[in-house]
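A look at the structure
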Amino acid sequence: MKAVIPAAGLGTRFLPATKDIPKELLPVLDKPVIQRVVEEALAVDAVDSVVIVNSHEKPSIEAYFSPAPKLIAHLLSHGKDALAAATEAAGELPVAFVYQDEPLGLGHAVLQAAPEVADEPFLVLLGDYFIPSHEVNRTLAQVSAEHGGCSVIAVAPVPHDQVSRYGIVAGELAGSVDGTPKGIEEPGAVLKLSGLVEKPPADEAPTNLFIVGRYLLTPRVMVLLAGQEPGAGGEIQLTDALVRLLEEEEMYAVVIDVMEGCDTGTPAAWAGTNARMALADPTQREAFLEALGPVAAAVCATAVTL
Ligand code: G1P
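Conventions adopted
Residues numbered from 1 in each chain as written. Predicted model: local features only at pLDDT ≥ 70, side-chain atom pairs only at ≥ 80, totals over all residues. Heavy atoms only, no water. Near = heavy atom within 4 Å. Polar contact = N/O pair within 3.5 Å; in protein donor to acceptor, adjacent residues only side chain to side chain. Areas by Shrake-Rupley, 256 points an atom, 1.4 Å probe, with all protein chains shown as cover. Nonpolar A, V, L, I, M, F, W, Y, C, P; charged D, E, K, R; others polar. Helix = DSSP H or I, 4+ residues; strand = E, 2+ residues; numbered from the N terminus. Contact = heavy atoms within 4.5 Å. 1 Å grid on protein atoms, 1.4 Å probe; cavity = no way out; pocket = protein on both sides within 12 Å on 5 of 7 lines; lining within 4 Å. Points joined across faces, edges and corners; volume = space filled by probe spheres on them. Salt bridge = Lys/Arg side-chain N within 4 Å of Asp/Glu carboxyl O. Buried < 20%, exposed > 50% of the residue type's maximum accessible area, 1.4 Å probe, protein only.

1. Here we look at the site of the ligand
For the ligand, the full set of nearby residues is Leu-106, Leu-126, Tyr-166, Gly-167, Glu-198, Lys-199, Ile-211, Val-212, Gln-237 and Thr-239. Here Gly-167 contributes a backbone N or O atom positioned 3.0 Å from an oxygen atom of the ligand. Separating an oxygen atom of the ligand from a backbone N or O atom of Ile-211 is a distance of 2.6 Å. The protein chains hide 73% of the 380 Å² of surface that the ligand would expose on its own. Taken together, the residues that form the shell around the ligand break down as 5 nonpolar, 3 polar and 2 charged.

Here's what the structure looks like:
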């Protein structure tokens, strides 16, 4: 199975930092965000490789995933074996590239990966949010297997006044991931979907459950995307193709705790993610708290991490 990571966006919410550095290459501690998303995808047993949907304007993403023999030889000759191994690993990840050279929307981006995906189910992972535990995609695969291989997406509750920023789902409670009773907004709940809507006005949203950016989809969605008309914001929306998929196939959603994951889509979210990752990493935690100074360190030491 392939995993598709759309990464052709302009990163406007992060300008001017993203003027020359793609937002996908911004670091979270010592690794770019997109490497963390690639590793999350590859943690699913069935995923053998990742397709990144890039734009030709951002060749540094390909460069990052390419081998760097000269740098590695230099590191090895200076006894920096661990850094050499980490650098080599980044260049050896099974990543292929396709291109979206016009910003026509998420649905259009995913469609560019159709030749790579062929006739198999595939994962979509949005590239500015990663889940360090690597659990969510495995859960999507489990729920899909329990329901005949249908499409399953991850959702999470969002405050009602923010629903218009996201894709929102409607559905009925259909069980839970571990078989214990759950409320409809509780992590682990499984919903049988009855509708989806992209960026609805708050008073028209059917629920407060938003599409988080982790999808396990049947290949039929590629056929639907090929004929998809532009929707919200004049863009070809993946959510709109899923609305049509739901007319033909069952679809389920798994509720997750959105704080299981780390957002990097804005400067504040990215900074918070770096802080949480530093606090959760025993090799970084003490130096990070020291760098913050005593007052901030006291607040951070009790923060919820991962
Ligand atoms: C996209 C999807 C939306 C989803 C969101 C999650 O929107 O279209 O359904 O809820 O990602 O981040 P975008 O953020 O690209 O506007």
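2. Notes on the environment of Ser-133
Structurally, the position occupied by Ser-133 is in the loop between strand S7 (129-130) and helix H7 (135-146). Sequence separation between Ser-133 and Glu-260 is 127 residues, and the spatial gap between their C-alpha atoms is 7.6 Å. With residues up to four places along the chain from it excluded, the contact list for Ser-133 reads Arg-138 and Glu-260.

3. Some points on the layout of surface pockets
Estimated volume of the second largest pocket: approximately 280 Å³. Along the wall of the second largest pocket there are 16 residues; nearest its centre are Asp-30, Tyr-64, Leu-83, Ala-86 and Thr-87. Those elements giving two or more residues to the lining of the second largest pocket turn out to be helix H1 (33-42), helix H2 (59-64) and helix H4 (81-91). Of the residues forming the lining of the second largest pocket, the biggest block, 6 residues, is contributed by H4. When the residues that make up the lining of the second largest pocket are grouped by side-chain class, the tally is 9 nonpolar, 4 polar and 3 charged.

4. What about the pattern of salt bridges?
Side-chain pairing between opposite charges can occur once the charged atoms of the two side chains come close. Scanning all chains against the criterion turns up 12 salt bridges. For Glu-135, the salt bridge goes to Arg-138, with nearest N and O atoms at 2.8 Å. Of this pair, Glu-135 and Arg-138 both sit in helix H7, 3 residues apart, roughly one helical turn. According to the relative accessible area criterion, Arg-138 is partly exposed, its value standing at 34%. With its nearest N and O atoms 3.8 Å apart, the salt bridge here joins Glu-250 to Lys-192.

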